[in-house]
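Chains, contacts and geometry: an overview
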Amino acid sequence: MWLEDRHGVELRNHTTGKVFVDKLFLKNICEGPCSEQEVCASSRMVSRQVPDNYKRPKEKVLQQAKEFLDGFFRNSKKFGSEEHISRLLEVHKDIEDTSRYHLTYDELVYGCGMAWRNAPRCVARVQWSTLKVFDARHVQTAQEMFHSIIEHINYATNQGRLRSVITVFPPRTDGQSDFRVWNSQLISYAGYRNPDGTIKGDPSNVQFTELCLSLGWQIEQTTRFDILPLVLQAKGLPPEIFVIPDDVVLQIPLAHPSFPWFQELGLRWYALPAVANMLFDCGGIQFPAAPFNGWYMGTEIGSRDLCDPQRYDISETVASKMELDTSSHTTLWKDTVLLEVNKAVLYSYQMCGVTTWDHHTASESFMQFYENEMKTRGGCPADWIWLVPPMSSSISPLFHQEMALYFLKPSFEYQTAAWSNTPKKLAVKQIAKRTPKFRAVMIAVRLCSYLYHSRWLKRPKVVLLFASQSGKAENFATKAFFKFKSLFQAKLYCMADYDINQLQDQHATIAIVSTFGDGEAPSNGDEFKKSLVKIKEENSKIRFVNKSSCFAVLGLGSTAYPNFCAFGKFVDNRFQELGGTRLLALNCADELNNQEKAFQTWLLDVTNALCKQYLIRVDNSNFVNKGSSFDQLNTVSARFSVIEGGKEDVLQVLSDVHHKEVSLARVSGKSIIGDSGSSEGHATIFLQLNTFNSENLKYKPGDHLAVFPRNNQDIIQRFTLRLKNCPATRSLIQLQVQNPNQKWQNWKKIAPCTFETLLSRFVDLTGSPSQDTLRLLASSAIDQTEKAQLNILAEDSASYKQWVSLGYANIVDVLEDFSSVRVDAAALISILPVLQPRFYSISSSAAIVPTEIHLTASVVRCLTLDGEGRVFKGLCTSYLEEIRRGDFVACYFKSNSSFHLPLYPSKPMIWIAAGSGIAPFRGFWQQRCFEKGVPFHSTFITKVWGKFWKPNIQHQASNRYGSIYLYYGCKEKALQPFSSEVDAMIHHKIISRTFFAFSREKGKSKCYVQDLLWKDGPRVSAQILNEGAYVYVCGRLAMAAQVEKTIIKIICQYGNINQDEAEMVFKNLKAEGRYKTDVFGAS
Ligand SMILES: Cc1cc2nc3c(=O)[nH]c(=O)nc-3n(C[C@H](O)[C@H](O)[C@H](O)COP(=O)(O)OP(=O)(O)OC[C@H]3O[C@@H](n4cnc5c(N)ncnc54)[C@H](O)[C@@H]3O)c2cc1C
Ligand SMILES: Cc1cc2nc3c(=O)[nH]c(=O)nc-3n(C[C@H](O)[C@H](O)[C@H](O)COP(=O)(O)O)c2cc1C
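Read on for a plain summary of the structure. (Residues numbered from 1 in each chain as written. Chains lettered and ligands numbered in written order. Predicted model: local features only at pLDDT ≥ 70, side-chain atom pairs only at ≥ 80, totals over all residues. Heavy atoms only, no water.)

**Quick look at the pattern of salt bridges**
Side chains that differ in sign of charge can pair as their charged atoms come close. For clarity, the threshold we go by: Salt bridge, as used here: a side-chain nitrogen of Lys or Arg that lies within 4 Å of a carboxyl oxygen of Asp or Glu. A helix here means a DSSP run of H or I that spans at least four residues, while a strand means a run of E at least two residues long, and both kinds are numbered starting from the N terminus. Burial here depends on accessible area, computed with a 1.4 Å probe over protein chains only, as a share of the maximum for the residue type. Under 20% is buried, over 50% is exposed, and the range in between is partly exposed.
Counting across every chain of the model gives 36 salt bridges. Across the pair arginine 730 and glutamate 756 runs a salt bridge, and its minimum N-O distance is 3.0 Å. Separated by 26 residues along the polypeptide, arginine 730 in the loop between strand E32 (723–724) and strand E33 (732–738) and glutamate 756 in helix H23 (residues 755–762) bring together distant segments of the chain. Taking the relative accessible area as the measure of exposure, glutamate 756 reaches 30% and is therefore partly exposed. Taking the shortest distance from any N to any O, the salt bridge between glutamate 795 and arginine 775 comes out at 2.8 Å.

Below you can see the structure in the form of structure tokens.
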């Protein structure tokens, strides 16, 4: 486990209980097996653990479910079968609807086995496929849990011939209603603290024993080997306590083959080692209660349980009975004791006919398993530190085997002890009745003094949330975070990674969010938005509970769109409804009106307001009160750290950077309609991508594909020529920045990759440079005139705005225009935005082309400066123009459920599109062909017809399909994409009628789609008002805005109602989901 921790690594001594915090690596440049600022902490008992009440975001559930089901069907040799596909679809739908799904019993069995197989610390994995699974997902109460556990213990114990068993209780739902077994093992011994501080019983269970007693467990006479009761919690309710009947627990009195006195020591141990507190994580679903058992390896008892100084610690007693010379370590008396105790354990278990194994046999069997896994699976995650036995390590074959530690799913995961977080009230109330013990008091005193001395912990907890599509909100949030960190306990989260329940614990919640689509949240804010809606609908108790809880929201948007900053407004409103105190009024930063300046002002205001609210004094040297707060941020130093010997995986880096499952699709066909060569030519690219039937790329008509463009070689070369300190193109590098505390941190926005990949895939070189970037360039300009010009652009908003709108200069143009600028590569790259994917509406139906995705893209190209300047070329469309058949495109699929076909096909539809806005409608008409059984196109009626997708029988049977009217506009008839296909659709009565508008047809007056609609007003209004028609609009914003106006006008005119009423009807139409838009962008 490689661990990066800004506060150091906590390291516990399990014998003394001392906790050390190792921080040395933070201050030093570390070299060796670990990369800089990273430290290997794999000897920590719990080196990774599931966060409390962690509710996995839907996207991750989907991803993990798919991976798991693929594995399941691969394992049962049914990968790619109809059963596989339909199961994926079913699960996908369930997750979309409820964020969960139900694993079948077979899937559960497979998942349990795999979790065992994947457990890096388990030496007994050779048995993984024999695990017996008890499905207890139906249980409702703690009582029922208890019965299941007794059944488990009985079956597993099997009169000593142990069987490996797991019992799976219901999965996590909302993170608040977990089923949990509070015990760490189903069977374990109690530990009692004597008045003199010594311990009777198992010291590792003292705390838990005290908890059981406080919960009402009664024991008449305590011994060293009292079986602890089970503490079980169902549905997040207060736990209940159950005593395990004596006859259920098989215990073995310990004797030695040669020392009769050994038996008189009165030692014993139980037969069944059953781990009860780990979380079983399978296919995206978490099972917080899933106790499982195998059998003991003798050393676990002989060496660890009995001889560990912090456990039963019997070494000295045994040594004295053996009359060993304990005066010096050199007599190796401890080793002798260890050996004899271990012999006693193995001997006793054998004598009682109870399954166990010695560490040599276990090691050898593991080696066999390990080699087999390497052969059959290509690897085996393994934790050397845990696997090597605790005695005779170097004579075990495991000692000499190098191992790689990593974590696969399904898995068993550590989680916080149930009593430490749920349900707090009960546990705290009952424990509080007990007289505090000396050790507890000491801990409390130490903790208090730590808190007292730590000014940091007294600072308000400020969480910064962002949701961002193209990276601006994220960029701003990162800047704000750097600033907040020195004043508050600040944390930065993308909304997609934030557990909304945590809102309750914050002092202040600051959100920076953009708006996308038609007033929607960006995709990484989608889930958060849904959670906020759900909280309201379900009247959930989630609230800003701190009295002093406050919030502030900065919305990013563009006044070019009708729903300006709609998501920011939504978040701001909901935060208030949840009981937060508004720290500042909502601030909307307009892309068309110096968004960056608005952000700077807002940041200053919000920082001051937070300081005021929490009475934090800021002296004059603090940047909060400085005029230009960004000087510090801009002088952040950056560097490239070269990673030796690593290999890059571009898809993985793209997936990591964009938090998406990025796939590759191969270009299987491409054609261009129109003139793409000229500087202002209007051309449309039609692209066929082969998805290899990848489940990651399954879509419905109306969905989007995000395509990752690449910067071309020419711009990369021009860029690198202007930079200082570029690393070698092929070196694997990690960009690092020095934060305000002078520490080097990995630049989270970009994962390690080669410099070549960084420039081609991750740095936005073609957008207009921001004012921040220009400021950095100004500071690096040698020529004073250039410095002054750059400074004007960097500081004067009006000049900057004009410069952007006129010039469309990208960073490379600027570096070439201002030739005295010599800037450090790492410093510049660290402030340039991350290259974002471009979305395209899918123009095909998976029913017709199951292994393909088709796209229709308008080439973006124009002459700047009113025809006098450079040719501006859209990045992605240029990339798509250049790629050839056989090339691979990195992409991911994004569902767009608000633009799917209506549930009932009998409803009439009005399709309105301009330019490449025709794209999704092609998917729609293909889908309709499929459903009606109409041949689509000879080359597309593939052999696979019906192989993966069955026609919707219900639709076929009803044989009632509503009319479809298509209104389409483009520049000239000759540029119209899919014209012959549209004719065929008319011929087959898939489309009822078409209406075309051409705006640049020679010799004809300009005509737009809205003109056609207006002309056809009586029918349009009748269809909308009387026939329940669905209206679909797709294309650029300007067109969509005109169409909206026209539809309202039509409703007003032909519905005989006034403007206000027509607007209301239109609003309702939208709310009912009968007016759907898929808008591409403002320009
Ligand atoms: C949900 C969604 C679906 C989409 N579906 C499609 C689709 O199916 N087909 C399709 O073609 N596009 C679609 N788009 C648009 C697409 O994502 C890209 O924005 C478009 O292809 C341009 O990308 P680019 O990288 O080539 O241009 P960029 O390099 O991103 O440049 C575009 C920028 O250039 C500027 N610009 C654009 N046009 C001009 C101009 N004429 N003069 C001067 N400057 C200009 C604007 O600032 C614009 O932001 C969709 C967008 C979204 C958000
Ligand atoms: C396709 C598209 C749709 C958009 N829709 C809206 C919108 O409905 N309302 C709005 O205020 N801004 C809208 N915007 C503008 C963005 O919110 C704005 O560009 C913002 O600065 C992006 O921030 P981000 O990079 O953090 O996502 C849209 C932009 C695009 C490209």
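Next comes the rest of the account.
**Some words on the site of ligand 1**
To be explicit about the condition: We call a residue near a molecule or strand as soon as one heavy atom of that residue lies within 4 Å of the molecule or strand. Residues adjacent in sequence count toward polar contacts only when both atoms are side-chain atoms; beyond that, a polar contact is any pair of N or O atoms within 3.5 Å, and within protein one must be able to donate a hydrogen and the other to accept it. Note on areas: Shrake-Rupley with a 1.4 Å probe; residue coverage comes only from the protein chains shown. An automatic or database domain assignment provides the domain bounds reported here.
Taken together, 20 residues are adjacent to ligand 1, and Phe839, Tyr840, Ser858, Cys876 and Thr877 come closest. At 2.9 Å from an oxygen atom of ligand 1 is found a side-chain nitrogen or oxygen belonging to arginine 838. In this structure, a nitrogen atom belonging to ligand 1 sits 2.8 Å away from a main-chain N or O atom of threonine 856. Protein contacts shield 76% of the accessible area of ligand 1, which totals 970 Å² for the unbound molecule. Secondary structure elements with two or more residues in the shell around ligand 1: strand E37 (838–841), strand E38 (852–858) and helix H29 (875–882). Among the elements that line the shell around ligand 1, the one with the most residues is E37, at four residues. Composition of the shell around ligand 1 by domain shows at least three residues from each of domain 2 (660–709 + 837–897) and domain 3 (899–937 + 960–1082).

**A word on the packing of aromatic side chains**
In plain terms, the rule: Only the six-membered ring of Trp is used, alongside the rings of Phe and Tyr, when aromatic pairs are assigned; centres must lie within 6.5 Å, and planes under 30 degrees apart are stacked while those over 60 apart are edge-to-face, with the rest tilted. By definition here, charges over rings are those cases where NZ of Lys or CZ of Arg is within 6 Å of the ring centre and within 35 degrees of the ring normal.
All chains considered together, the criterion is met by 49 aromatic pairs. With a centroid separation of 5.2 Å and an interplanar angle of 85 degrees, the aromatic rings of phenylalanine 72 and phenylalanine 73 are classed as edge-to-face. Assessed through its relative accessible area of 2%, phenylalanine 73 is described here as buried. Geometrically, the ring pair formed by tyrosine 189 and phenylalanine 225 is edge-to-face, given 5.0 Å between the ring centres and 80 degrees between the ring planes. Within this pair, whereas tyrosine 189 is found in the loop between strand E8 (180–181) and strand E9 (191–193), its partner phenylalanine 225 is found in the loop between helix H6 (206–214) and strand E11 (230–233), the two being separated by 36 residues in sequence. Taken as a pair, tyrosine 189 and phenylalanine 225 share a single burial class, namely buried. Positioned over the ring face of tyrosine 155 is arginine 163, at 3.7 Å from the centre of the ring.

**What to know about helix H25 (residues 784–795)**
An α-helix turns once every 3.6 residues. As a result, residues three or four positions apart point the same way. Which entries qualify depends on this criterion: Expected span, for any helix, means 1.5 Å times one less than how many residues it has. What the arc covers is the set of directions going from the helix axis to the C-beta atoms. In what follows, a contact means two residues having at least one pair of non-hydrogen atoms within 4.5 Å.
In this model, H25 (twelve residues) spans 16 Å end to end at C-alpha, consistent with the 16 Å of a helix rising 1.5 Å per residue. Restricting attention to buried positions, one finds in H25 the residues Glu786, Leu790, Leu793 and Ala794. In a view along the axis of H25, the buried residues occupy a sector of 100 degrees, so they form one face of it. Away from its buried face by more than 90 degrees, H25 exposes Gln784 and Thr785. Residues of H25 that are buried sit in contact with helix H24 (771–780), helix H26 (797–807) and helix H27 (811–817). The distance from a side-chain oxygen at the start of H25 to the backbone nitrogen of threonine 785 is 2.9 Å, and the residue carrying that oxygen is aspartate 783.

**What to know about the environment of glutamate 402**
Its place among the elements puts glutamate 402 in the loop between helix H12 (384–387) and strand E21 (411–415). What makes glutamate 402 exposed here is its relative accessible area of 71%. Through-space distance from the C-alpha of glutamate 402 to that of aspartate 383 is 9.7 Å; in sequence the pair is 19 residues apart.

**Focus on the sheet that holds strand E16 (residues 279–282)**
To keep it simple, the criterion reads: By this definition, two strands are paired if DSSP reports at least two bridges between them. A fitted line through C-alpha atoms represents every axis, and for helices the fit uses only the stretch in contact; the resulting angles, taken between N-to-C directions, go from 0 to 180 degrees.
A sheet is described by the order of its strands in space; here four strands give the open sequence E5-E21-E16-E17, paired in mixed fashion. Two strands bound the open sheet, and with one partner strand each, they are strand E5 (49–50) and strand E17 (285–287). In the packing of helix H4 (residues 105–117) onto the sheet, the strands contacted are E16, E17 and E21, and the crossing angle to E16 comes to about 115 degrees.

**A word on the site of ligand 2**
Note the threshold: Gly counts as polar in this scheme, as do all residues outside two lists: the nonpolar Ala, Val, Leu, Ile, Met, Phe, Trp, Tyr, Cys and Pro, and the charged Asp, Glu, Lys and Arg.
If you check the shell around ligand 2, you find 24 residues, and the closest are Ser468, Gln469, Ser470, Thr515 and Cys565. At a separation of 2.8 Å, an oxygen atom of ligand 2 approaches a polar side-chain atom of serine 514. Contact with the protein chains removes 92% of the 640 Å² of surface that ligand 2 exposes when unbound. Mapped by element, the contributors of at least two residues to the shell around ligand 2 are helix H16 (472–485) and strand E25 (550–557). Looking at the shell around ligand 2 residue by residue, the classes come out as eight nonpolar, 13 polar and three charged. Split by domain, the shell around ligand 2 shows at least three residues from each of two domains, domain 1 (460–609) and domain 3 (899–937 + 960–1082).

**With respect to the side chain of arginine 928**
Convention followed: For the charge count, each Lys or Arg is scored as positive and each Asp or Glu as negative, with His and the chain ends excluded.
Structurally, the position occupied by arginine 928 is in helix H30 (residues 919–932). Here arginine 928 occupies a buried position and makes no salt bridge, while the nearest side chain of opposite charge, glutamate 931, is found at 4.2 Å.

**Focus on a nonpolar patch on the surface**
Basically, it comes down to this: Residues enter patches when their relative accessible area tops 30% and they take part in no salt bridge; the joining distance is 9 Å for like charges and 5 Å for the nonpolar side chains Val, Leu, Ile, Met, Phe, Trp and Tyr.
A cluster of nonpolar side chains, namely Met45, Val46, Trp384, Ile385, Trp386 and Phe399, defines an oily patch on the protein surface of about 490 Å² accessible area. Turning to its location among the elements, methionine 45 is positioned in the loop between strand E4 (39–40) and E5. Given a relative accessible area of 37%, methionine 45 falls into the partly exposed group.

**What about the pairing of E25?**
Of all eight residues making up E25, eight are buried, and the element is well covered by its neighbours. Across the two faces of E25 the burial is the same, with Cys550, Ala552, Leu554 and Leu556 and Phe551, Val553, Gly555 and Gly557 all buried. Bridging between strand E24 (residues 508–514) and E25 involves seven bridges; their strand directions are parallel. Note that in E25 the partner of isoleucine 512 across the bridge is leucine 554.

**Notes on the packing of helix H17 (residues 526–537) against helix H18 (residues 566–577)**
What counts is decided by this rule: Should the near helix be turned counterclockwise from the far one by less than a right angle, the crossing is left-handed, whereas a clockwise turn marks it as right-handed.
In contact at an axis separation of 11 Å, H17 and H18 are set at 40 degrees when each is read in the N-to-C sense. Helix-helix and strand crossings are classified by hand; for H17 and H18 the assignment is left-handed. Residues Phe528, Lys529, Leu532, Val533, Ile535 and Lys536 of H17 form the contact with H18, whose participating residues are Phe567, Phe570, Arg574, Phe575 and Glu577. Looking at the contact of H17 with H18, its residues break down into seven nonpolar, no polar and four charged.

Nothing here speaks to function; it is geometry throughout.
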